[in-house]
Amino acid sequence: MIKLNANSPGVPLTDQWDAYKAGCKLVSPNNKRKLDIIVVGTGLAGAAAAATLGQLGYNVKSFCYQDTPRRAHSIAAQGGINAAKNYQNDGDNVFRLFYDTIKGGDYRSRESNVYRLASISPEIIDLCVAQGVPFAREYGGLLANRSFGGAQVSRTFYARGQTGQQLLIGAYSAMSRQIAAGTVKLYSRRDVLDIVVVDGKARGIIARNLVTGEIERHAAHAVVLATGGYGNVFYLSTNAMGSNVTPAWSAWKKGAAFANPCFTQIHPTCIPVHGEFQSKLTLMSESLRNDGRIWVPKEKSDAELIRQKKLRPEQIHESKRDYYLERRYPAFGNLVPRDVASRAAKERCDAGYGVGSTGLAVYLDFSDAIERLGRAEISARYGNLFQMYQRIVDDNPYRTPMMIYPAVHYTMGGLWVDYELMTTVPGLYSIGECNFSDHGANRLGASALMQGLADGYFVLPYTISGYLSHEINTPPIPTTLPEFHLAVRDVTDRLARLKKSGGKESVDHFHRRLGKIMWEHCGMSRNEEGLTKALGLIAELKAEFASGVKISGGLKEYNPELEKAWRVQDFIELGDLMVRDALHRKESCGGHFREEYQTPDHEALRNDDEFAYVAAWEHKGRDTAPEMHREELHFDTVKLTQRSYK
Amino acid sequence: MGATGQKTFSSIASKVLMALAGVFLLVFLAVHLGINMLLLVDDGGKSFSAAAGFMSSYPVIRIFELALFGGFLLHIVFGVIVSIRNRWSRPIRYQHKSRSETAPFSKYMLHSGVVVLIFLALHFIDFYFIKIGVVAPPPGIERHDFYSRAVLLFSDTTYSAIYLVSFVVLGFHLNHALQAATQTLGLNHPRYTPLINAASTLYAIIIAGGFMAIPLRFTLFN
Amino acid sequence: MKFTLKIWRQKNADDKGRLVSYMVDDISPDSSFLEMLDQLNQQLISRGEEPVAFDHDCREGICGACGLYINGRPHGPLKGTTTCQLHMRAFRNGEMIYIEPWRSGAFPVVRDLIVDRSALDTIIQAGGYISVNSGGVPDANTIPVPKPNADSAFDAAACIGCGACVAACPNASPMLFVGAKISHLALLPQGRIEATRRVQQMVAEMDALGFGFCSNTYACQAECPKEISIANIARMNREFLAAKLAAEKEQTGGFTI
């Protein structure tokens, strides 16, 4: 039976992190050398953690499924990273960043973690600059900032549209330095398929070498999961093809609670789906909404003609366009938060006003901005995005409005962690997008990078020492323990079952079907009926998958189909949990919109009396329904209000 | 750290030495062309012979001559080393021919270099070896009389043809030479690099055109 | 659309490998190149054959995982484009398309179109970083950087480590990759501190890994999906010469020049 204890220090919010650091137990350098830590994932959180732990003197083993750590999907983040530096002197400070994050998350995150995140944010920028991250600068040589959705100050640091890439390369470089120094050992092209728990403590992992198919055992005194989000449960998402939930899911099965799984973020500005064989959605930076105006035709007949390619958007007169965000949200207009913008687009398309060949797209129009600022200025601001759009869609966005549609982008839910970022399994930590901690029910733009780096560089290295200080007398964990044997047996059995299931359909077939169920019933808006139906559909899919999947190739070789099959099987189970979570949360908040719970003018209607808690789900065995535990959220510092962007 | 730990030339050092030797050869070519241009002076070879005589007798020139041999040797030896290394670096080659855009003629520096080397060998036999007495001069021509020697050679159409072809190839070699050398020496600048590239082409045209003018004059106007 | 594909198939590193022909039909011109291969793989799986293995991940042109040698060009016919961002409309209907793995002695084939590019990581480990620890660094704005330098550093840092420069180079040289990293760090005041040591160590490592030497054909620049300039190679050469000629202390292990 899981006990949720957030372990936040019992002092006022603003003093908590200092108090924690002052009281936290440390490990001396000669003992650090004797302690092994496994870090799974090499994105911002994982690479930052591996680099820092290595530099502190621990023996770090770092795992990634990619061929090199530098390809982790943090690399694809475009917009920027928030930090309460107040370099612009526009009234920003740590409290404001904290407040914006709590509010943006629709009051479903833990105050103590978010406050710590905000207070650490300035240090991140200092470190990244020292590492040589080429942030945008003003002519005076100092750092530039831009504004982002959900904030009234300019606190976002950026490196053109490639901030994630530059930050990741910074972390990867720091990690490379430790690899050269011998403190970090890299295991690339490995899938982590199980977490080994010995006497109630996380003691290692079982990994599959993706090149040789060999099953490997790795032991350590603590295990850190930095494996990112699970957006690929929707099949089409902006996540990388390989992004998966597998390590986190193994942790769940080994006793780690999974929190708020239904909180997913749907990003409003993605390139629409073009066809059945599409494998992946591409995000266009949110910054486009600073200058672009979003609209659909006012008349259904016009929309119909556009879908049939008998009419071009430029031909639709100004008076026949519906700038629906400006109409519905005059105060924020096109800059409403992501969840609001996404739902509004879906509402219009569902009502029959959508454009594009599928009717699932809205226009993002720059003609006004081009008239106001000139083409050169627009090209300077968004040139690379326009180029990317043109390459994919084969249409010139300077002339024809862009088409956009929401797509799954980020998952706020994840492994439940306490203030120390430890899951409910002692010695098992979760950092970055992989945990649930900081973004509540909706994440603000440019906050994911902040969280990943804060966790990896500055939080985990402190909090893990508290745990490891009790482990200094534990000798290296032998991989010959029965728990390792058992885990290896489980893994090999499951691989063998997958391989011999001998069905007819490819893995992608099942993945696509799962994605469709999730998108339709557990996507941008949800309702009881759809969710209940989804539970049944997922159960069917799960059974069909077990007997109907066809996997070519062998177990002991490079076999991408086998990799995918394992991941998709986990996604199907996760889908079930997400639907359960969405079903139980009878309120609308952030990215979770239950149609039954909305205000008269169709805005999300939160229910703080009954649902101001974190839903942490516990695995109860293969054939038993998971059990939900609550971590009540206490808002001592901020006052809960209804979000309004009107 | 050099993983091999050997004392050897690094990639960049090898290329820098090659480039420096190449630049030295570029200077030599200009001097050589200057003297050869005297062949075009219509004075029965008087000024040419005077210049040639000076070049073969003045002691300081002897030192330069040695440096010149050194330059050629360095350029050729490193050219060969780098080429061999470069072939090793891709043991399995592509099935489809490369269609990547490359700087004009840059892929054929080795090939053109070999052509120039063959020409150089002929040139040595025809002139330098005669001068130092290793090879006997043709009957009726004195060992130091380069003018008559040149006139005789250019009266042979085959020789002139070989000569012309060699210099066309040298022209292409040179077109890439100066720009590649500046790049290797790290002298790249957004403003000046285009000028250097243009100068490189101009230099190639002047050298190749200048040398080629000589057989053309002798065969066309004699 | 319809295509004939000639794809390099190789079971593992020890297999000899060969080109195999496949036909694909019913390809949307809006499909990406990798989606076209996905479609082929679905066919192969349903026929009980082994799908073609190729590296890919983000499919939005930034992770650098994908990289195929397509009709004699790394990442195919379009300039400044990764394989995943290449769409089938860039080809003629019915065209024959050769698809090969990157070729370099330092990039052994793992399977089919997948090569092992860890040599690039090894070069970075030799010095492609600024030696600072997490924490104890000065406030970010105490290190002003002239905007032009910051911009040039960014241009160099845009490298995605895909290895197309090696694949394109007639000599399989990674000098654009190495030059870009050296430039990125050398252009910033933070990076200057270690510049002398860094360039020597990285060049030495690059040489030790058996890559070829640059012969200034600039094929790398033409094929780089991030359009990184060869000016970065020149800067590396300059940094290297300055380091070797001006350094008063021998800073690398074996290499003298």
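Residues numbered from 1 in each chain as written. Chains lettered and ligands numbered in written order. Predicted model: local features only at pLDDT ≥ 70, side-chain atom pairs only at ≥ 80, totals over all residues. Heavy atoms only, no water.

Considering the interface of chain C and chain A
Consideration 1: Listed by partner, the interface residues are 72 residues for chain C and 73 residues for chain A.
Consideration 2: Per-residue buried area on chain C facing chain A is highest for C:Asp57, C:Glu60 and C:Phe154; these three make up 12% of the total on that side.
Consideration 3: Inspection of the region where chain C meets chain A yields eight salt bridges.
Consideration 4: Between A:Glu557 and C:Lys11 there is a salt bridge; the shortest N-O distance is 3.0 Å.
Consideration 5: The tally of links from chain C across to chain A stands at 47 residue pairs in polar contact (both at pLDDT 80 or more).
Consideration 6: Those elements giving two or more residues to the side of chain C that touches chain A turn out to be α1 (33–46), β6 (109–111), β7 (114–115), α2 (118–125), α3 (147–157) and α5 (175–186) of chain C.
Consideration 7: Counting residues per element, the side of chain C that touches chain A draws most heavily on α3(C), at seven residues.
Consideration 8: The residue makeup of the side of chain C that touches chain A, split by class, is 31 nonpolar, 21 polar and 20 charged. (Contact = heavy atoms within 4.5 Å. Buried area = accessible area lost by both parts, 1.4 Å probe. Salt bridge = Lys/Arg side-chain N within 4 Å of Asp/Glu carboxyl O. Polar contact = N/O pair within 3.5 Å; in protein donor to acceptor, adjacent residues only side chain to side chain. Helix = DSSP H or I, 4+ residues; strand = E, 2+ residues; numbered from the N terminus. Nonpolar A, V, L, I, M, F, W, Y, C, P; charged D, E, K, R; others polar.)

Quick look at the sheet that holds strand β17 (residues 428–430) of chain A
Residues and elements named next belong to chain A.
Consideration 1: Strand order in this open sheet of five strands is β5-β2-β1-β9-β17, and the pairing throughout is parallel. Each edge of the open sheet is held by one strand with a lone partner, namely β5 (184–187) and β17. If you compare each strand with its neighbour and ignore which way they point, the axes differ by 20° on average.
Consideration 2: As judged from the four bridges shared by strand β2 (residues 59–63) and β5, these two strands associate in the parallel manner. Residue pairing across strands places Lys 61 opposite Lys 185, the latter belonging to β5.
Consideration 3: On the sheet, helix α6 (residues 163–181) packs against β2 and β5 and is oriented at approximately 110° with respect to β5. (Pairing = 2+ DSSP bridges. Axes fitted to C-alpha atoms, helices over the stretch in contact; angles between N-to-C directions.)

Quick look at the sheet that holds strand β6 (residues 190–198) of chain A
All names here are of chain A.
Consideration 1: Spatially, β6-β7-β8 is the arrangement adopted by the three strands of the open sheet, whose pairing is antiparallel. Looking at the sheet topology across the chains shown, the edges are occupied by β6 and β8 (215–219). Pairwise comparison of adjacent strand axes, ignoring direction, gives a mean angle of 25° for this sheet.
Consideration 2: By the bridge criterion, five bridges tie strand β7 (residues 201–209) to β8 in an arrangement that is antiparallel. Each residue of the ladder has a partner; that of Ile 205, found in β8, is His 218.

Side note on the packing of helix α1 (residues 16–23) of chain A against helix α13 (residues 448–468) of chain A
Residues and elements named next belong to chain A.
Consideration 1: Running from amino to carboxyl end, α1 crosses α13 at an angle of 40°, the nearest separation of the two axes being 10 Å. Taken together, the axis directions place α1 and α13 in an arrangement best described as oblique. Helix-helix and strand crossings are classified by hand; for α1 and α13 the assignment is left-handed. Where α1 abuts α13, its residues Trp 17, Tyr 20 and Lys 21 lie against Phe 458, Val 459, Tyr 462 and Thr 463.
Consideration 2: Class assignment for the residues of the contact of α1 with α13 results in five nonpolar, one polar and one charged. (Parallel < 35°, antiparallel > 145°, perpendicular 65-115°, else oblique. Left-handed = near helix turned anticlockwise from the far one by under 90°.)

Observations regarding the packing of helix α14 (residues 482–500) of chain A against helix α17 (residues 560–584) of chain A
Residue and element names in this part refer to chain A.
Consideration 1: Viewed as axis vectors pointing N to C, α14 and α17 meet at an angle of 105°, and their least axial separation amounts to 10 Å. As judged from the angle between their axes, α14 and α17 are roughly perpendicular. Across from Val 491, Arg 494, Leu 495 and Leu 498 in α14, the residues of α17 making contact are Leu 562, Ala 565, Trp 566, Gln 569 and Asp 570.
Consideration 2: Classifying every residue of the contact of α14 with α17 gives six nonpolar, one polar and two charged.

A closer look at α2(C)
Residues lying three or four places apart along an α-helix face the same way, a consequence of the helix completing one turn every 3.6 residues.
Consideration 1: A large share of α2(C) lies buried, amounting to six of its eight residues.
Consideration 2: Taken residue by residue, α2(C) has C:Ala119, C:Leu120, C:Asp121, C:Ile123, C:Ile124 and C:Gln125 as its buried positions.
Consideration 3: On its buried face, α2(C) is in contact with α6 of chain A together with α5 and α7 (195–208) of chain C.
Consideration 4: Positive backbone phi, approximately 155°, marks C:Gly127, located one or two places after α2(C). (Buried < 20%, exposed > 50% of the residue type's maximum accessible area, 1.4 Å probe, protein only.)

Remarks on the interface of chain C and chain B
Consideration 1: The interface is formed by 56 residues belonging to chain C together with 44 residues belonging to chain B.
Consideration 2: With both sides pooled, the region where chain C packs onto chain B buries about 4,200 Å², and carbon together with sulfur makes up 56% of that total.
Consideration 3: Connecting chain C to chain B are 27 residue pairs in polar contact (both at pLDDT 80 or more).
Consideration 4: Only β4 (73–74), β5 (96–100), α4 (164–168), α7, α8 (219–223) and α9 (231–246) of chain C provide two or more residues apiece to the side of chain C that touches chain B.
Consideration 5: For the side of chain C that touches chain B, the class distribution of residues is 33 nonpolar, 15 polar and eight charged.

Here we look at the arrangement of the chains
Consideration 1: The structure contains two pairs of chains in contact, of which chains A and C account for the largest number of contacts.
Consideration 2: There is a gap between chain A and chain B: no contact, and a shortest C-alpha distance of 11 Å.

Quick word on the pairing of strand β15 (residues 402–411) of chain A
In regular strands, side chains alternate between the two faces of the sheet.
All names here are of chain A.
Consideration 1: Judged by how many residues are buried, β15 sits mostly within the fold: ten of ten residues are covered.
Consideration 2: Strand direction decides the pairing type here: strand β11 (residues 264–270) and β15, joined by five bridges, are antiparallel. If you follow Ile 266 over to β15, its bridge partner there is Val 408.
Consideration 3: As defined by bridge partners, strand β14 (residues 362–365) adjoins β15 across three bridges and the pair is classed as antiparallel. Bridge pairing in β15 places Val 362 opposite Ile 404.

A few points about the nonpolar core
Consideration 1: Membership of the largest hydrophobic core comes to 137 residues, with the highest contact counts inside it found for A:Ile81 and A:Phe135.
Consideration 2: Tallying contributions element by element places α13(A) first for this core, with eleven residues.
Consideration 3: If you count residues domain by domain, this core takes at least three from each of domain 1 (3–111) and domain 2 (117–246) of chain C.
Consideration 4: Not counting chain neighbours up to four residues away, the residues in contact with A:Ile81 comprise A:Ile124, A:Ile125, A:Phe135, A:Arg155, A:Thr156, A:Phe157, A:Thr163, A:Leu167, A:Ala446, A:Leu449, A:Met450 and A:Leu453. (Core = buried A, V, L, I, M, F, W, Y, C linked by side-chain atoms within 4.5 Å. Domains from an automatic or database assignment.)

A word on the domain arrangement of chain C
All names here are of chain C.
Consideration 1: As assigned here, chain C comprises domain 1 (3–111) and domain 2 (117–246).
Consideration 2: Residue-level contacts link 21 residues of domain 1 with 20 residues of domain 2.
Consideration 3: Counting every contact that joins domain 1 to domain 2 gives two salt bridges.
Consideration 4: The closest approach of N and O atoms between Arg 73 and Glu 223, which form a salt bridge, is 2.8 Å.
Consideration 5: For the pair domain 1 and domain 2, the interface holds six residue pairs in polar contact (both at pLDDT 80 or more).
Consideration 6: Of the residues belonging to the side of domain 1 that touches domain 2, the class tally is nine nonpolar, eight polar and four charged.

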